Amino acid sequence: MTSYKTIKDVAVITIENPPVNALSLAVREGILDGLSRASKDDTVCAIVIIGGGRTFPAGADISEFANGKAFTKPLPQIIEKIESTQKPIVCAIHGTAFGGGLEVALGCHYRIASTRSKVGLPEVNLGILPGAGGTQRLPRLIGVWLAAEMICSGKPIEAVDADAKGILDDLVEISSLESVQTEYDKLLDAAITLALRVKNHSLEGKRVSQLKVEPVSDFFYEQLALQISKNARGMNAPLQALKAVKASAMFPFKEGMQREQQILGRLFVSSQAKALQHIFFAERQTMKIPGIDMKKGVPIKFVGVIGAGMMGSGIAINFIKKGIPVVLIDAEQEFLDRGVKAIEDYFKGRVKKGKTTRFLADRSLGYLRPSLHYEDLSNVDLVIEAVFENLDVKKSVLKHLDEICKPQTILCTNTSTLDIDQIASATNRPDRVIGTHFFSPANVMRLMENVAGSKTSERTIASVMQISKTISKIPVLVGNCFGFIGNRMLFPYNNQANALLQEGAFPHDVDKVLYDFGFPMGLFQMSDLAGNDIGLHIRKAQGIVDPSQRDPNERYVSTTADKLCEMKRFGVKSSKGWYSYAKGSRKGRPDKEVMDLIVENSKAEGFVRRNISAKEIEERCLYALINEGFKCLEEGMAYKPGDIDIIWIYGYGFPPQKGGPMHYADAVGLKKIYDSILQYGKADPKTSAWKPSKLLEQLASSGKKLAKYWTKKLKAQSNL
Ligand code: 3H9
């Protein structure tokens, strides 16, 4: 996991633990061994620590947190050993020196980095803090102010910025065109040159732990704490990390380290840390699908997008930003022009905000080819239709594409609810048809639900999953059912919210509970923002708006929602919906007209309104959501519990510190959830959402956890 060599009397310890050189136990032992050899060898005058392959360590090995290995030869001790070594140590950074990686660098006496590299302490995103001296050394090196900002936000910075802040001693200029090998060679050369230059220098002032910290006023901590509470609402780690940083200014290094370790110990075992670390791995597992070999994907080099509306132009942006040419089609010149302008404005905005350069923006725009003619799609590798959400319209577009595009072209339909098999049946290539459910705004939201129809081939799935990754999305493969995973689960969740209105709650009661749970906003606020007509459109498509078409054995909860649309209360866009809005504002106020309507409807529908507790609101909304998640798993529509968690965190604002609905279910206890579902079902037998999933029933009665059960099941499948 590490290698050792000497070059010009400089010992070079190379960390070799691909892909990210995580600081596993074997790596830590390798570093100790290298330090010991270099210290004992009289011919060695200095030491260089460098990462092999593409990067300096991107942190401690997160997989060692759960199995306890992190506590054997722990990282803080290794870094202490590095810092106290009598020969100068130069750290050479390329790639991403994150977390424990940066902490190792802070323990070295000199730090140089490639201009292409990034450094950061992202531990708060995993629910912990930089617990190998990061909260004590970084403030000593660059001051409390800058260190607290980096540690509490967890955001990485570019090497050039790190140099300006005083984290680095020097930069090694590497252009974007140079290979990783050239970067490594140049960096190692520069590190050895620096090591030889400083070989006889005193290490006085070079051991960061011995530097003094300039204290800052309490006002600074209070302001930052306020900002954290707003930006990272509900997250423990950033505020705890701030406490540790404050300790660096209050206590000598040793005592500061003790504080850091105490806080780390508490965070380490917290439910938030477990949830956030679960998400870290779940996000990276979405590409691992039983029975799908991702290597079978074909490269996508040329793309078509149909529909230049908000969705289509947003989708096109994702591709041209990555240098993939896009033919953007619309039927009308006016709509096409509007779409092109929206794309140009997007890039203009990025240049203005300093997020890209004019040159790069123009280069991206150069990949856009607007057209009114489907014939221009004859040569694309993949085409995504983003036309109106209507089965017949989508079928006729796909049929037309099937006639025009080359036989290998993959046809994608961007839909949030429609049946992929029916759409595919309009073509002669159902194996090359797949759903790509982008979330709006498509150029911002990272989630993509890729929907496999019954005939979609492995090659099509692999190609689309891979191109989704290329355009920086988080793709999740889901099965073909109404609403797929995200919207399918949204229905019972939303139905419970509406049922609560019938029984006695008001929109602001329900929204407050969901906000307090950690969602960025409640369901009624979300509906107002998206447009209440969207829900109506879906209910109409389901055929449940007309009372004569409804199933008499199923409770209908959306009378008020339907009436709001009749009253043209569509939400923020019409300044009134579930709430009323001042012109141009997105902050809604409870509205008497709506509250009266809710009370009137309760009466008309035979409900005697009652006070409903926050606990009941939370349980009913969330348990209905979770029950549907279990049904998605047992039907094979979702491949892993973690996939559902990723969809709900990235698509619907489920609080990440709770780990997603399925992780949260395990944390609450499946028996408790199952029993509550039975109870709510007894009180409300006409709501099918309260029919417990068989899988939930089975796990609740056997006392098993979903995560463990599913991992075992997947392992057994892969061994078959
Ligand atoms: C820490 O340092 C604590 C200390 O302060 C205190 C300790 C006492 N460990 O993301 P990718 C795996 S906490 C284990 O797809 P990319 C990852 O699961 C750590 N495994 O690549 C994946 O595995 P697989 C603080 C890790 O190029 C593979 O590597 N550091 C770790 O898109 C490739 O990952 C962080 O939080 C790890 N630390 O992005 C940084 N990191 O192939 C976390 C990655 O089996 N890492 N893996 O699916 C990252 O942000 C990204 O991985 C990085 C590369 C930007 C580095």
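Residues numbered from 1 in each chain as written. Predicted model: local features only at pLDDT ≥ 70, side-chain atom pairs only at ≥ 80, totals over all residues. Heavy atoms only, no water.

Here we come to the packing of helix H3 (residues 75-84) against helix H4 (residues 100-107). The interhelical angle for the contact between H3 and H4, taken along N-to-C directions, is 25 degrees, at an axis separation of 8 Å. Considered as vectors, H3 and H4 are oriented roughly parallel to each other. H3 and H4 meet at a crossing whose hand is right-handed. Of the residues in H4, those in contact with Leu 75, Ile 79, Ile 82 and Glu 83 of H3 are Gly 100, Glu 103, Val 104 and Gly 107. Grouping the amino acids of the contact of H3 with H4 by side-chain chemistry returns 4 nonpolar, 2 polar and 2 charged. (Axes fitted to C-alpha atoms, helices over the stretch in contact; angles between N-to-C directions. Helix = DSSP H or I, 4+ residues; strand = E, 2+ residues; numbered from the N terminus. Parallel < 35°, antiparallel > 145°, perpendicular 65-115°, else oblique. Left-handed = near helix turned anticlockwise from the far one by under 90°. Contact = heavy atoms within 4.5 Å. Nonpolar A, V, L, I, M, F, W, Y, C, P; charged D, E, K, R; others polar.)

With that settled, the discussion passes to the packing of helix H12 (residues 271-285) against helix H26 (residues 641-652). Packing of H12 against H26 leaves a shortest axis separation of 9 Å and a crossing angle of 105 degrees. One way to sum up the angle between H12 and H26 is to call them roughly perpendicular. Between H12, through His 278, Ile 279, Ala 282 and Glu 283, and H26, the contact on the second element is made entirely by Gly 642, Asp 645, Ile 646, Ile 649 and Tyr 650. Here the contact of H12 with H26 is built from residues that sort into 5 nonpolar, 2 polar and 2 charged.

A few words now on the nonpolar core. Burial of nonpolar side chains together is a common tendency in soluble globular proteins. Counting residues in hydrophobic clusters, the biggest one holds 156 residues, and the most contacted among them are Ile 167, Leu 377, Leu 401, Val 510, Phe 630 and Trp 648. The biggest single contributor to this core is helix H25 (residues 614-634), with 10 residues. Among all residues touching Ile 167, those that are not within four sequence positions of it are Leu 102, Arg 111, Val 119, Leu 138, Leu 141, Ile 142, Met 150, Ile 157 and Ala 162. Listed in part, the 40 residues of the second largest apolar core include Ile 300, Phe 438, Ala 442 and Ile 471. (Core = buried A, V, L, I, M, F, W, Y, C linked by side-chain atoms within 4.5 Å. Buried < 20%, exposed > 50% of the residue type's maximum accessible area, 1.4 Å probe, protein only.)

The feature "domain: 3-hydroxyacyl-CoA dehydrogenase NAD binding" (unreviewed entry), as given by UniProt, occupies residues 303-480 in the numbering adopted here. In residues 303-480, helix accounts for 40% and strand for 21%; the two terminal C-alpha atoms are 24 Å from one another. (UniProt positions renumbered as here; feature names shortened; annotations may be inferred.)

Right, let's talk about the sheet that holds strand S6 (residues 110-114) for a bit. Strand order across the open sheet formed by 6 strands is S1-S2-S3-S4-S6-S9, with mixed pairing between neighbours. The open sheet has two edge strands with one neighbour each: strand S1 (2-7) and strand S9 (170-172). The mean angle between the axes of side-by-side strands here comes to 20 degrees, regardless of whether they run parallel or antiparallel. (Pairing = 2+ DSSP bridges.)

As a further point, take the domain arrangement of the chain. Split by domain assignment, the chain resolves into domain 1 (2-269), domain 2 (300-480) and domain 3 (505-513 + 520-609). Between the C-alpha centres of domain 1 and domain 3 there is a distance of 52 Å. (Domains from an automatic or database assignment.)

Once that is clear, we can look at the UniProt feature "domain: 3-hydroxyacyl-CoA dehydrogenase C-terminal" (unreviewed entry) in the chain. UniProt records the feature "domain: 3-hydroxyacyl-CoA dehydrogenase C-terminal" (unreviewed entry) for residues 483-581 and 619-705 in the present numbering. Counted over residues 483-581, helix gives 57% and strand 3%. Its end C-alpha atoms are 30 Å apart.

The subject of this paragraph is the pattern of salt bridges. As enumerated under the stated definition, the model contains 37 salt bridges in all. In this structure, Lys 165 and Asp 161 form a salt bridge, with 3.2 Å as the shortest nitrogen-oxygen distance. With Lys 165 and Asp 161 both in helix H7 (residues 159-165), this residue pair falls 4 residues apart, about one helical turn. Given the relative accessible area of 32%, Asp 161 is considered partly exposed. A salt bridge links Arg 259 to Glu 255, with the nearest nitrogen and oxygen atoms 3.8 Å apart. With Arg 259 and Glu 255 both in helix H11 (residues 253-268) and 4 residues apart, the pair spans about one turn of that helix. Arg 259 sits in the partly exposed class, given a relative accessible area of 35%. Under the relative-accessibility criterion, Glu 255 is labelled partly exposed at 32%. (Salt bridge = Lys/Arg side-chain N within 4 Å of Asp/Glu carboxyl O.)

Before going further, it helps to spend a moment on the site of the ligand. Around the ligand, the structure places 26 residues, and the nearest of them are Ala 58, Gly 100, Glu 103, Glu 123 and Arg 284. Here Ala 58 contributes a backbone N or O atom positioned 2.8 Å from a nitrogen atom of the ligand. Within the backbone of Gly 100, an N or O atom sits 2.8 Å from an oxygen atom of the ligand. When the ligand is considered free in solution it has 1,000 Å² of accessible area, and contact with the protein chains removes 74% of it. (Near = heavy atom within 4 Å. Polar contact = N/O pair within 3.5 Å; in protein donor to acceptor, adjacent residues only side chain to side chain. Areas by Shrake-Rupley, 256 points an atom, 1.4 Å probe, with all protein chains shown as cover.)

Further remarks concern the packing of aromatic side chains. Enumeration over the complete set of coordinates arrives at 19 aromatic pairs. Look at Tyr 346 and Phe 347: their rings are 5.0 Å apart centre to centre, the planes differ by 80 degrees, and that puts the pair in the edge-to-face class. Both residues of the pair, Tyr 346 and Phe 347, count as buried. The side chain of Arg 550 reaches across the aromatic face of Tyr 556, ending 3.5 Å from its centre. The ring of Trp 710 is capped by Lys 713, whose NZ or CZ atom sits 4.5 Å from the centre of that ring. (Phe/Tyr/Trp six-rings, centres within 6.5 Å; stacked < 30°, edge-to-face > 60°. Lys NZ or Arg CZ within 6 Å of the ring centre and 35° of its normal.)

Right, let's talk about the environment of Ile 544 for a bit. Residue placement: Ile 544 occurs in the loop between helix H22 (532-542) and helix H23 (559-566). Sequence separation between Ile 544 and Ser 558 is 14 residues; the distance between their C-alpha atoms is 9.4 Å.

Listing the buried residues of H3 in full gives Leu 75, Pro 76, Ile 78, Ile 79, Ile 82 and Glu 83. Along the axis of H3, the buried positions cluster into a sector of 160 degrees, meaning they face one direction only. In this structure, H3 carries Gln 77 and Glu 80 as exposed residues pointing more than 90 degrees from its buried face. Close packing links the buried residues of H3 with helix H1 (25-40), strand S3 (46-51), strand S4 (89-93), H4, helix H5 (134-142) and H11. (Arc of directions from axis to C-beta.)

With that settled, the discussion passes to a positive patch on the surface. On the surface, a cluster of positive charge is contributed by Lys 274, Lys 704, Lys 705, Lys 708 and Lys 712. You can see Lys 705 is positioned in the loop between helix H29 (694-702) and helix H30 (706-719). Since its relative accessible area comes to 48%, Lys 705 is described here as partly exposed. (Patch = residues over 30% accessible without salt bridge, like charges linked within 9 Å, V, L, I, M, F, W, Y side chains within 5 Å. Lys, Arg positive; Asp, Glu negative; His and termini not counted. Charge placed at Lys NZ, Arg CZ, Asp CG, Glu CD.)

Looking now at the sheet that holds strand S7 (residues 118-120). Spatially, S5-S7-S8 is the arrangement adopted by the 3 strands of the open sheet, whose pairing is mixed. Pairing within the sheet leaves two strands with one partner each, and these edge strands are strand S5 (96-98) and strand S8 (157-158). Examined bridge by bridge, S5 and S7 share 3 bridges and lie parallel to one another. Paired with Ala 97 across the bridge in S7 is Val 119. Most of the contacts of H4 go to S5, to which it runs at about 85 degrees, and overall it touches S5 and S7.

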